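Examining the three-dimensional arrangement
Here's the letter readout for the chains.
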Amino acid sequence: MRFLKGHGTENDFVILPDPEGELDLSAVLVAKICERRSGIGADGVLRVVRTKLSPEVADQAATAEWFMDYRNADGSMAEMCGNGARVFARYLVETGLVGESDFSVATRGGVRKIRIEDNGDVTVDMGKPVVRGHSVTTVAGHEYEGVHVDIGNPHLACPIGDPVVQLDLTHQPGFDPGVFPSGVNIELFNAVGPSRAVMRVFERGSGETRSCGTGTVATAVAAAGLSGETTGKWTIEVPGGTVVVTLTEETSYLTGPAVIVAGGNLMLAE
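Figured I'd write up the structure that's included with this text. (Residues numbered from 1 in each chain as written. Predicted model: local features only at pLDDT ≥ 70, side-chain atom pairs only at ≥ 80, totals over all residues. Heavy atoms only, no water.)

1. Structural notes on the pattern of salt bridges
Evaluated as defined, the whole model comprises 16 salt bridges. With a closest N to O distance of 2.8 Å, E10 and R210 form a salt bridge. Residue E10 is found in the loop between β1 (2-8) and β2 (11-17), and its partner R210 is found in the loop between β13 (207-209) and α3 (213-226); the two are separated by 200 residues along the sequence. The exposure class assigned to E10 is partly exposed, which follows from its relative accessible area of 35%. We note a salt bridge from R47 to D18, for which the minimum N-O separation is 2.6 Å. Taken together, the residues span a long stretch of sequence, with R47 in strand β3 (residues 44-50) and D18 in the loop between β2 and α1 (27-34) at a distance of 29 residues. (Salt bridge = Lys/Arg side-chain N within 4 Å of Asp/Glu carboxyl O. Helix = DSSP H or I, 4+ residues; strand = E, 2+ residues; numbered from the N terminus. Buried < 20%, exposed > 50% of the residue type's maximum accessible area, 1.4 Å probe, protein only.)

2. Overview of helix α2 (residues 82-94)
In this model α2 runs 19 Å from its N-terminal to its C-terminal C-alpha over 13 residues, within 8% of the 18 Å that 1.5 Å per residue would give. Where α2 is concerned, the buried positions are G82, N83, G84, A85, R86, V87, F88, A89, R90, Y91 and L92. (Expected span 1.5 Å × (residues − 1).)

3. A word on the side chain of R112
Relative to the helices and strands, R112 is located in strand β6 (residues 112-116). Notably, R112 is buried but unbridged: the nearest opposite-charge side chain belongs to D125, and the N-O separation is 6.3 Å. In contact with R112, not counting residues within four places along its chain, are M80, F103, S104, V105, T107, V124, D125, M126, I151 and G152. (Lys, Arg positive; Asp, Glu negative; His and termini not counted. Contact = heavy atoms within 4.5 Å.)

4. Details of the packing of aromatic side chains
Think of a pair of aromatic rings as described by two things: how far the centres are apart, and how the planes are tilted against each other in angle. Per the counting criterion, the structure on display carries two aromatic pairs. Taking the centre distance of 5.9 Å and the plane angle of 75° together, the rings of F13 and Y70 count as edge-to-face. Of this pair, F13 sits in strand β2 while Y70 sits in strand β4 (residues 66-72), and the two are 57 residues apart along the sequence. Residue F13 shares its accessibility class with Y70, and that shared class is buried. The interplanar angle of 75° and the centroid separation of 6.4 Å between the aromatic rings of F175 and F180 together place this pair among those described as edge-to-face. (Phe/Tyr/Trp six-rings, centres within 6.5 Å; stacked < 30°, edge-to-face > 60°.)

5. Description of the side chain of T123
Within the secondary structure layout, T123 lies in strand β7 (residues 122-125). T123 sits in the buried class, given a relative accessible area of 2%. Only 2.6 Å separates the side chain of T123 from the side chain of E117, close enough to count as a polar contact. A distance of 2.7 Å separates the side chain of T123 from the side chain of T255, its partner in a polar contact. Not counting chain neighbours up to four residues away, the residues in contact with T123 comprise K113, I114, R115, E117, Y253, L254 and T255. (Polar contact = N/O pair within 3.5 Å; in protein donor to acceptor, adjacent residues only side chain to side chain.)

Encoded structure:
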């Protein structure tokens, strides 16, 4: 099985080219691939398959030729991944599967428009974030209130006074399963200046990661709300680097780097 490895602000992915939809990608195999000691190691898997061959998103085939079949590190399926979408787009461009700087990809969260910037960064139209209220998380005995934001997947973005660099995110933070029956991505952030925040994240199905694209959008929404704003441009610092989130009245955009770092043949089996 052919694979590549890439990352967006150190949120890393194994890319599996499968244009004809021939791979039987089970949750067990995905988890083995993502294991950092006995596998390749990654926060998730990006299967590259033609949209028309994927029944769950076949209705998007007229708009997007390629489907980003994203799986979390534990093998579970996810609706959307912002950093993954940038890495997915980088793969499509570098392999010649798309020839334009503006194109679309299919995801379980809907079609996402992509633009390759002149400096090489990748911008993803993340759709309009939906604020669904407030909830709380518990980290090492401390309770933090946050904003429930839907970016195609569920988020709880929490502004906190404690320095995020000091948090212990080695264990799953607590959350209300009545609000998040399918789990939730939890962001904890410090607002550190005008339109700037420092964030850490515990991702559903993956644990703490160095970055989370949809999570940075949720953080921008929550950070903007602190000052009564709903639009603007936010710089979000994550352990793996920096991205820019632009909020408009109609949608949101995530801009940042994406690189392919390696490729080879995968010999793992279930």
